[in-house]
Amino acid sequence: MPAWVSRDPWRVSSPRTCPGTDRALTLESKGSKSKSQTAEEREVQDQGQDGNKGVSSGDVGSTFVEKSVKIRQDCMDLGVCTREKWAHVRDSKTGSSGIPVKLATNLFNLDLPQDWQLYQYHVTYIPDLASRRLRIALLYNHSKLSNHAKAFDGTILFLSQKLEEKVIELSTETQRGETVKMTVTLTRELPSSSPMCIQVFNIIFKKILKKLSMYQIGRNFYKPSEPVEIPQHKLSLWPGFAVCVSHFERSLLFGADVSYKVLRNETVLEFMTDLCYKIGTSCFTQMCEQQLIGLIVLTRYNNKTYRVDDIDWSVKPTHTFQRRDGSEITYIDYYRQQYNIILSDLNQPVLVSLLKSKRNDNTEPKIVHLIPELCFLTGLAGQATSDFQLMKAVAEEMRLSPLGRQQRLARLADDIQRNKDARFELETWGLHFGSQMSLTGRVLPSEKILMQDHVCQPMSAADWSKDIRTCKILNVQSLNKWLIVCSNRAENVIEGFLSCLRRVGSSMGFNVGYPKIIKVQENTAAFLRAIQQHVDLHVQLVMCILPSDQKNYYDSIKKYLSSDCPVPSQCVLSRTLNKQGMMMSIATKIALQMSCKLGGELWAVEIPLKSLMVVGIDTCKDTLGKQVVVVGFVASINPRITRWFSRCILQRTTTDIADCLKVFMTGALKEWYKHNHDLPARIIVYRDGVGDGQLRAVIEYEVPQLLSSVAESGSKTSSRLSVIVVRKKCLPRFFTEMNRTVQNAPVGTVVDSEATRPEWYDFYLITKAACRGTVSPTHYNVIYDDNGLKPDHMQRLTFKLCHLYYNWQGLISIPAPCQYAHKLTYLVAQSIHKEPNLELANYLFYL
Amino acid sequence: MPNRRASRNAYYFFVQEKIPELRRRGLPVARVADAIPYCSADWAKLVSTPLRKPGKFIPKPCFSPPDMSSLSLKSDQALLGGIFYFLNIYSHGELPPHCEQRFLPCEIGCVKYSLQEGIMAVFHSFINPGEIPRGFRFHCQAASDSTHKIPISNFEFGHDQATVLQNFYKFIHPNLGNWPSIYCKSDDRARVNWCLKRMARVSEIRQDIELLTVEDLVVGIYQQKFLKEPSKTWVRSLLDVAMWDYSSNTRCKWHEEHDILFCALAVCKKIAYCISNSLATLFGIQLTGAHIPLQDYEASNSVTPKMVVLDAGRYWNQRVESPGFSHFSCSNQEQRSNTPSDDYPSGVKIPGQNSHARGRGITRLLESISNSSSSIHKFSK
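What counts, and at which threshold
- Numbering of residues begins from 1 in every chain and follows the order in which that chain's sequence is written.
- Note on labels: chains are lettered from A, ligands numbered from 1, in written order.
- Given that the model is predicted, a residue must reach a pLDDT of at least 70 before its local features are reported, and side-chain atom pairs must reach 80 or more before they are shown or counted; all residues, however, enter totals for whole chains, interfaces and linings.
- Hydrogens are left out, water is left out, and the side-chain values use all remaining heavy atoms of the structure.
- Note on conventions: DSSP H or I runs of at least 4 residues are helices, E runs of at least 2 residues are strands, and numbering of each starts at the N terminus.
- Any pair of residues with heavy atoms lying within 4.5 Å of one another is described as a contacting pair.
- Think of a polar contact as two N or O atoms within 3.5 Å of one another; within protein, one of them needs to be a possible hydrogen donor and the other a possible acceptor, and neighboring residues in sequence only count if both atoms come from side chains.
- For every element, the axis is a line fit to its C-alpha atoms; helices are fit only across the contacting stretch, and the angle between N-to-C directions ranges from 0 to 180 degrees.
- An angle below 35 degrees is treated as roughly parallel, one above 145 as roughly antiparallel, one from 65 to 115 as roughly perpendicular, and anything else as oblique.
- Left-handed describes a crossing in which the near helix is turned anticlockwise from the far one by less than a right angle; the clockwise case is right-handed.
- Lys, Arg, Asp and Glu make up the charged group, whereas Ala, Val, Leu, Ile, Met, Phe, Trp, Tyr, Cys and Pro make up the nonpolar group; the residues left over, Gly among them, are polar.
- The term buried area means the drop in 1.4 Å probe accessible area that two parts suffer when joined, counted for both and summed.
- A side-chain nitrogen of Lys or Arg and a carboxyl oxygen of Asp or Glu constitute a salt bridge if their distance falls within 4 Å.
- Here a strand pair is declared whenever DSSP counts at least two bridges between the two strands.
- UniProt positions are given in the numbering used here, feature names are shortened, and annotations may be inferred rather than shown by experiment.
- Burial here depends on accessible area, computed with a 1.4 Å probe over protein chains only, as a share of the maximum for the residue type. Under 20% is buried, over 50% is exposed, and the range in between is partly exposed.

1. Quick notes on the environment of Y514(A)
Residues and elements named next belong to chain A.
Phase 1 of the analysis: Mapped onto the fold, Y514 is located in the loop between α13 (491–507) and β24 (516–520).
Phase 2 of the analysis: Through-space distance from the C-alpha of Y514 to that of M794 is 45 Å; in sequence the pair is 280 residues apart.
Phase 3 of the analysis: Leave out the neighbours within four places in its chain, and Y514 touches N480, W482, E495, L498 and R502.
Phase 4 of the analysis: Among the polar contacts listed, one links the side chain of Y514 to the side chain of E495, at a separation of 2.8 Å.

2. Quick look at the packing of helix α5 (residues 161–172) of chain B against helix α6 (residues 189–203) of chain B
All names here are of chain B.
Phase 1 of the analysis: At a minimum axis separation of 8 Å, α5 and α6 run at an interaxial angle of 115°. On the basis of the axis angle, α5 is roughly perpendicular to α6. Judged by the twist between their axes, the crossing of α5 over α6 is left-handed. The residues of α6 that touch α5, namely those facing Q161, A162, V164, L165, F168 and Y169, are L196, R198, M199, A200, V202 and S203.
Phase 2 of the analysis: Looking at the contact of α5 with α6 residue by residue, the class counts come to nine nonpolar, two polar and one charged.

3. Quick word on the interface of chain B and chain A
Phase 1 of the analysis: In this assembly, 33 residues from chain B lie in contact with 36 residues from chain A.
Phase 2 of the analysis: Roughly 3100 Å² of surface becomes buried between chain B and chain A when both sides are summed, with 51% attributable to carbon and sulfur atoms.
Phase 3 of the analysis: Interface area lost by chain B to chain A is led by R134(B), F138(B) and Y246(B), which between them contribute 23%.
Phase 4 of the analysis: Taken together, chain B and chain A are joined by seven salt bridges.
Phase 5 of the analysis: The salt bridge involving D187(B) is made with R652(A); its shortest N-O contact spans 3.9 Å.
Phase 6 of the analysis: Looking at the side of chain B that touches chain A, the elements that each hand over two or more residues are α4 (137–146) and α16 (374–379) of chain B.
Phase 7 of the analysis: Here the side of chain B that touches chain A is built from residues that sort into 12 nonpolar, 13 polar and eight charged.

4. Observations regarding the sheet that holds strand β25 (residues 541–546) of chain A
Where strands meet in a sheet, backbone hydrogen bonds hold them as pairs that are either parallel or antiparallel.
Residues and elements named next belong to chain A.
Phase 1 of the analysis: Pairing is parallel in the open sheet, where four strands are placed in the order β24-β23-β25-β26. Every interior strand has two partners, whereas the edge strands, β24 and β26 (569–573), have only one. Along the sheet, successive strands turn relative to each other by an average axial angle of 20°, direction set aside.
Phase 2 of the analysis: Pairing of strand β23 (residues 482–487) with β25, which is carried by five bridges, proceeds in the parallel orientation. For I484, the partnering residue across the bridge sits in β25 and is M543.
Phase 3 of the analysis: Sitting on the sheet, α13 touches β23, β24 and β25, and the angle it makes with β23 is about 150°.
Phase 4 of the analysis: Lying over the sheet, helix α17 (residues 583–597) contacts β23, β25 and β26, oriented at roughly 160° with respect to β26.

5. Here's the deal with the UniProt feature "domain: Maelstrom" (unreviewed entry) in chain B
Phase 1 of the analysis: Those places that UniProt annotates as "domain: Maelstrom" (unreviewed entry) correspond, in this numbering, to residues 99–295 of chain B.
Phase 2 of the analysis: With 40% helix and 15% strand, the stretch residues 99–295 of chain B has end C-alpha atoms that lie 46 Å from each other.

6. So, unusual backbone geometry
Phase 1 of the analysis: Residue P127(A) is bonded to the preceding I126(A) through a cis peptide linkage, with omega at -5°.
Phase 2 of the analysis: Within the element layout of this structure, P127(A) appears in the loop between β2 (117–126) and α4 (132–140).
Phase 3 of the analysis: Located in the positive-phi region is K234(A), a residue other than glycine, with phi close to 55°.
Phase 4 of the analysis: With respect to the helices and strands, K234(A) occurs in the loop between β9 (228–230) and β10 (235–247).
Phase 5 of the analysis: Classification of K234(A) as partly exposed rests on a relative accessible area of 42%.
Phase 6 of the analysis: One non-glycine residue, L227(B), adopts positive backbone phi at about 55°.
Phase 7 of the analysis: With respect to the secondary-structure elements, L227(B) resides in the loop between α7 (214–226) and α8 (232–239).
Phase 8 of the analysis: A relative accessible area of 15% places L227(B) in the buried class.

7. Focus on α4(A)
All names here are of chain A.
Phase 1 of the analysis: Most of α4 is tucked away, with nine of its nine residues classed as buried.
Phase 2 of the analysis: Every buried residue belonging to α4 is among R132, R133, L134, R135, I136, A137, L138, L139 and Y140, and all of these are buried.
Phase 3 of the analysis: The N-capping residue of α4, defined by a side-chain oxygen 3.2 Å from the backbone nitrogen of R133, is S131.

8. Points about the pattern of salt bridges
Any two side chains of opposite charge can pair, so long as their charged atoms come close to each other.
Residues and elements named next belong to chain A.
Phase 1 of the analysis: A full pass over the atoms with the stated rule returns 50 salt bridges over all chains.
Phase 2 of the analysis: A salt bridge links K93 to E249; the nearest nitrogen and oxygen atoms lie 2.9 Å apart. Here K93 is found in the loop between α3 (87–90) and β1 (99–111), whereas its partner E249 is found in the loop between β10 and β11 (252–267), with 156 residues between them in sequence.
Phase 3 of the analysis: Overall, the relative accessible area of 3% leaves K93 in the buried class.
Phase 4 of the analysis: Close ionic contact of E671 with K674 constitutes a salt bridge, the shortest N to O distance being 3.4 Å. Pair noted here: E671 and K674 are both in helix α18 (residues 661–676), with a separation of three residues, about one helical turn.

Structure (structure tokens):
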């Protein structure tokens, strides 16, 4: 690593040769932390550090007292035990309905001896050593410990076997000949169920994957030696895995999911040379900065990624920088000595990258200099993502079928079991890598879709648009006074579209009157002005036929009509209306959307619970201000769960934890009361957008807000509340095995055993059909449950709610209120940037 | 002794505020009582001072003075003629707290405004942000891209900070005398303040400008008129509207040409529009093209009128002396002395044409969009 701003004076020899470098503890002790850290150390800590800092890690595991131990965020969530509080799920949290189905998973058994324990030691040095590397190297090289399986971060040492004595004094010598005394003191014995152990297991697997020549980039592990090349687009894909070791319902399991790293076969230097040929030297630096800054590059000599924050044109590889020990060295010499790389272009500038500060203490970030010749571009640039052919080629490789995925997993398991070093590592720790786990899930019975005068049993729950084509929607007011604002050019398509819209509208029971059509020039100001001039109190809806997908049009119209002058609006691209062949289906979709925006109810499912309010909460970061989080809250306001009350607030914080739930909940309860003259007996809240490590914050900060507003709602028996955390991103995958091949599990598959967690009341539900690729389940974690519904009913209710998203005539992957909340926050974060007008709260104006 | 504090009235605070200035003038004033003789004249023509920290002057409704009607009339006039400057400075993002340089000023916009006149003059300039701290180019670029999109380097229109500041001072303070109070939105205050200080340091001009918030100003005007405090939500909703976002003659030329919403000048003009639209109407002022972009609502006048760059004071004098402005010149002596007699610095523009629309725009507008349109309730709220 060249050009660190601050350097460690203790760097005596090349530390890369010492065995300690592959340590991977995400632990950090307060006292001995040296100021300068290498990227390797940084990256090690990154895995535990990014994301929310709202919860202090000290909360986890009450036994940690003497040290501040940083724990991986996902491990922190595991320390949160919510299940034991609820009597109805303490013994069993499994449901009963549905047809049992045998499922294969991407989880592998990891067997431990019954009495397995982890021993935690504290190590001190005399004289005190600042360098972590040196501390580690000295300890690892000591003969006393060489036969032990160990993990060490410079202060805390973990061993799988107990040393004979509680305190051991060891003496060793540095390469300079100084004698150092190390005192190793036993501090704790941890059972295998401790969250600390999980972390050590993950470190062990990091070592193992390294032995299989996989390198950690970000959180995942990739194999650069077996790239998939896409030469026509100068791309290569590194195959790899996201892995995790954790305690699942009954045992310790190792989970792996296939992941790819997209790399461009082009160094930054090649990119620069190309650019220089293309545009000439006059504005080269400017163009170069414009195109390169912000991209992520990968340096293959150490497989690390960096963001290009700046380019320093004044520094050349022949220049020198100061090493840690104070000596000056040129970049050329550094790379020759350190990595045996000879730089060819001696006039290239250097790229500058700021390293993220690990601690949130506003210290000056470290700057790193990178040589363009050694940096490979990664990811896809904005231009590339709009290249259809390129994306198709990438998707073909990356979107694995269940079978392909299964084969890759089998090979990984095989590699781990066959590789001698890997096996040795596992054995010294006393672990045994077992077989791929299969379990039994259930396929829930399919739901009927209730239309106005028809009950429809769809052929496929994934898409019932054909099944309900002739059915009337539940309820919608007729659209009599509305506007179409369009550019002069779009005039010719409007007539055709309108007659189509009126036809499909009448067949679904939605009367669409003839609109007032306003033709304007093709600019944002003209659209906005026309709307301002023609919208009055009686206008029910404004439709804008936009000439292009320029963000300005959409943003300004939505902003004006959602907050200044609250009228539902429908934007359509004129390009869409030019697709003559698809006019009927386009008109149907638009008609459905318009009727929702007018407060219409499209369909319902049978909900056996009477007086139930369901709520969806989601958060989204505002695109303008990085410090602003948009929190959306959508609550049902009728027992049939077809009408919704939507609110949204902009919150000035850096965390995703919501502040304003009390106001929202009280508002929703008032709204419910207004429509039903009573308060709901039950409230079930689905909370989406909870990141790793935030579970405790949600329980301790958000749930009380909801509870207090429910308690204050004023009725004698207050509504009973349940809160469910919804996560779309989760590691487990489920396949059905059929005729010796594997397929995606069918929609409605619920998994509530084996792959779940013992300390949570949780389940997985597959509510999305994937025609290509592998489907991923959604994880539901019931963190608060006053309702005491049977787990079976909770699962089925959740499944039913996935049918109620009106923008899609089929099942979606999360409950409808969550998806509504997501749509709302997305609109606000992208376009409006302020609270929408409350007058629109009773309409799904954001669809 | 009885509670002396109770005797502190508006006049007391007025005098107190004047003391530093009197001292600057070399007058021997140690306390409020000493200063009273020098201030009584100013008090009489309070109309001339821009509203400073409005809350201080305004009696709370609980002890409202006996002669309400005359007072309200008098203060109305003071308010109507009072001149406010709305200022905004954009930066290429905000750098983290450990950096010495927190902001990189790149655009400044300012308008001179009174309730009576609407926008009287505008000032706009791009600023050369200087060297971008090493390593923060991406950060600044990203911040710029998501908002005003001003190039972070090699921008041809950027002026150096000393020149911009000097021109800005000439704009708000053309003659010697009181420095006016400058208002900006509360969200922007920290940034604008920092940028002003930074530019002053770079150009070695020492002048502390008092930066107040528009929100307080609105509260003050409202209190003055209705003797009660408006709700925060009302003030926020008043100032935060999207309807003028794409109005013609609102953004600076560069942002207009590139059709970029975020423009420092537009922010200031929109403050003026919002205040005109919501408050000026409360005073019964007929809105003109200088108050809100009326021309956008006149079907016949769809072409964007060109901005007139004022080349010399000649035009200004003409304007002041024209009969249409009589109430303006007689109501306020000091205002006249504030009017520039020398050349305006570059960047200063007076939207002259718009003022010709006075008195006819709004009626035409109301006719054209009658039938209780929602635009109407906006204009007559």
